[in-house]
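Residue-level listing of the chains:
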Amino acid sequence: MISLTSPVEARAHRWPAGLKLGALCLASTGLFLVPGLAVHAGALAAVLALYAAPGPVFLRAGLGSLRVVLPFVVILLAWHALTGDMRQGLLITLRMVTLVALANLVTMTTPLEDLVALIRRLTAPLRRMGLPTGALEIAVPLVIRFTPVLVLRAETLAEAWRARSRRRPGWRLILPLTLQALDDADHVGEALRARGGALGPSGSE
């Protein structure tokens, strides 16, 4: 599996994970409360400036990982163009891209072990109540790690399809991508069981 953490050292790498996640929550709340297009456009420009600040390598890596939102942007804009509410479509699209870019910026500048440690601290009250939190502590980093892996698998399948056919792959990639995801999940499950299971470390407390 690959890591989402950027190899380029940025100033945000030294910030606490809790501070960055808290700022992400506040920004998300603020963008949902403010309806102005100009504010959302300015917020996206500010996020792009944060990507550009550490240098071109960081900027290219960040923008490259945001390609996954392009299909959703096209669908949203096309739908709102058909319904005659383009302003709302632009508002939703700007908000979505900005929030995804902010979340991606957090993962790029936060080591995965720091995120896991933060989740463990946040779930400490649940453990004191006797609730098992090991599954949650494992699930969150697995989702973060496997998202770019699945995107890479989809791109590889699409390239293989285009090498054999002039037709667009479309829905035909769903089945092989699902089978590969299930296969990966099976391997990860076996690895977890070999190490005591998802509830091993927390369940023993």
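If you're wondering where the values come from, they're calculated on a predicted model, not measured in any experiment. (Residues numbered from 1 in each chain as written. Predicted model: local features only at pLDDT ≥ 70, side-chain atom pairs only at ≥ 80, totals over all residues. Heavy atoms only, no water.)

### Observations regarding the overall build of the protein
Basically, it comes down to this: Secondary structure elements follow DSSP: runs of H or I of four or more residues count as helices, runs of E of two or more count as strands, with numbering from the N terminus. Classification of residues uses two cut-offs on accessible area relative to the type maximum, computed with a 1.4 Å probe and protein chains only: under 20% is buried, over 50% is exposed, and between them is partly exposed. Only heavy atoms matter for contacts: two residues are in contact if any of them lie within 4.5 Å across the pair. Charged-residue counts in this description rest on Lys and Arg as positive and Asp and Glu as negative, His and the chain ends being excluded. Think of each charge as sitting on NZ of Lys, CZ of Arg, CG of Asp or CD of Glu.
Along its length, the protein carries ten helices and zero strands. Overall, the protein shows an N-to-C arrangement of helices and strands of α-α-α-α-α-α-α-α-α-α. The C-alpha extent of the protein, read off along each of the three principal axes, is 55 × 45 × 35 Å. The proportion of buried residues among the 205 residues of the protein is 29%. Contacts in the protein between residues at least 24 apart in sequence constitute 70% of all its contacts with a sequence separation of at least 6. Of note, the protein has its 21 positive side-chain charges centred 7 Å away from the centre of its 12 negative side-chain charges.

### So, the confidence of the model for the protein
As a reminder, the rule being used: pLDDT is defined as a per-residue confidence score from the predictor, taking values between 0 and 100.
For the protein, the average pLDDT comes to 81, and 91% of its residues sit at 70 or higher. Ranking the elements of the protein by mean pLDDT puts helix H10 (residues 200–203) last, at 45, and helix H2 (residues 37–52) first, at 93. In the model, residues 200–205 has pLDDT below 50 throughout and makes eight contacts with residues more than four positions away in sequence or in other chains.

### Here we look at the nonpolar core
A general tendency of soluble globular proteins is for nonpolar side chains to be buried together. Where we set the bar: We define the nonpolar core as a collection of buried residues of types Ala, Val, Leu, Ile, Met, Phe, Trp, Tyr and Cys that are connected through side-chain atoms lying within 4.5 Å of one another.
In this structure, Ala10, Leu24, Val47, Tyr51, Phe58, Leu66, Ala101, Leu102, Leu105, Val106 and Met108 together form the largest nonpolar core, which totals eleven residues. If you list the elements that add at least two residues to this core, you get H2 and helix H5 (86–108). With five residues, H5 is the largest single contributor of residues to this core.

### Re the packing of helix H1 (residues 17–33) against H5
Packed helices, taken two at a time, are described by the angle between their axes plus the distance between the axes. The condition that has to hold: Working convention: axes come from line fits to C-alpha atoms, limited for helices to the stretch in contact. Angles between N-to-C directions cover 0 to 180 degrees. Angle categories: roughly parallel below 35 degrees, roughly antiparallel above 145, roughly perpendicular from 65 to 115, and oblique for all the rest. We call Asp, Glu, Lys and Arg charged. Ala, Val, Leu, Ile, Met, Phe, Trp, Tyr, Cys and Pro are nonpolar, and the rest, Gly among them, are polar.
For the pair H1 and H5, interaxial distance at closest approach is 10 Å and the crossing angle is 175 degrees. By the angle between their axes, H1 is roughly antiparallel relative to H5. Residues Lys20, Leu21, Leu24, Ala27, Ser28, Leu31 and Phe32 of H1 form the contact with H5, whose participating residues are Arg95, Thr98, Leu99, Leu102, Ala103 and Val106. By residue class, the composition of the contact of H1 with H5 is nine nonpolar, two polar and two charged.

### Things to note about the environment of Glu9
One can find Glu9 in the segment before H1. Spatially, the C-alpha atom of Glu9 lies 40 Å from that of Arg172, the residues being 163 residues apart in sequence.

### A short note on H1
The line we're drawing: The length a helix should cover is 1.5 Å for every residue beyond the first. This arc is taken over the directions from the axis of the helix to the C-beta atoms.
In this model H1 runs 25 Å from its N-terminal to its C-terminal C-alpha over 17 residues, within 8% of the 24 Å that 1.5 Å per residue would give. Every buried residue belonging to H1 is among Ala17, Lys20, Leu24, Ser28 and Leu31, and all of these are buried. Along the long axis of H1, the arc covered by the buried residues comes to 75 degrees, so they all point the same way. Among the exposed residues of H1, those oriented more than 90 degrees off its buried face are Leu19, Cys25, Leu26 and Leu33. Looking at the buried positions of H1, the neighbouring elements they touch are H2, H5 and helix H6 (112–122).

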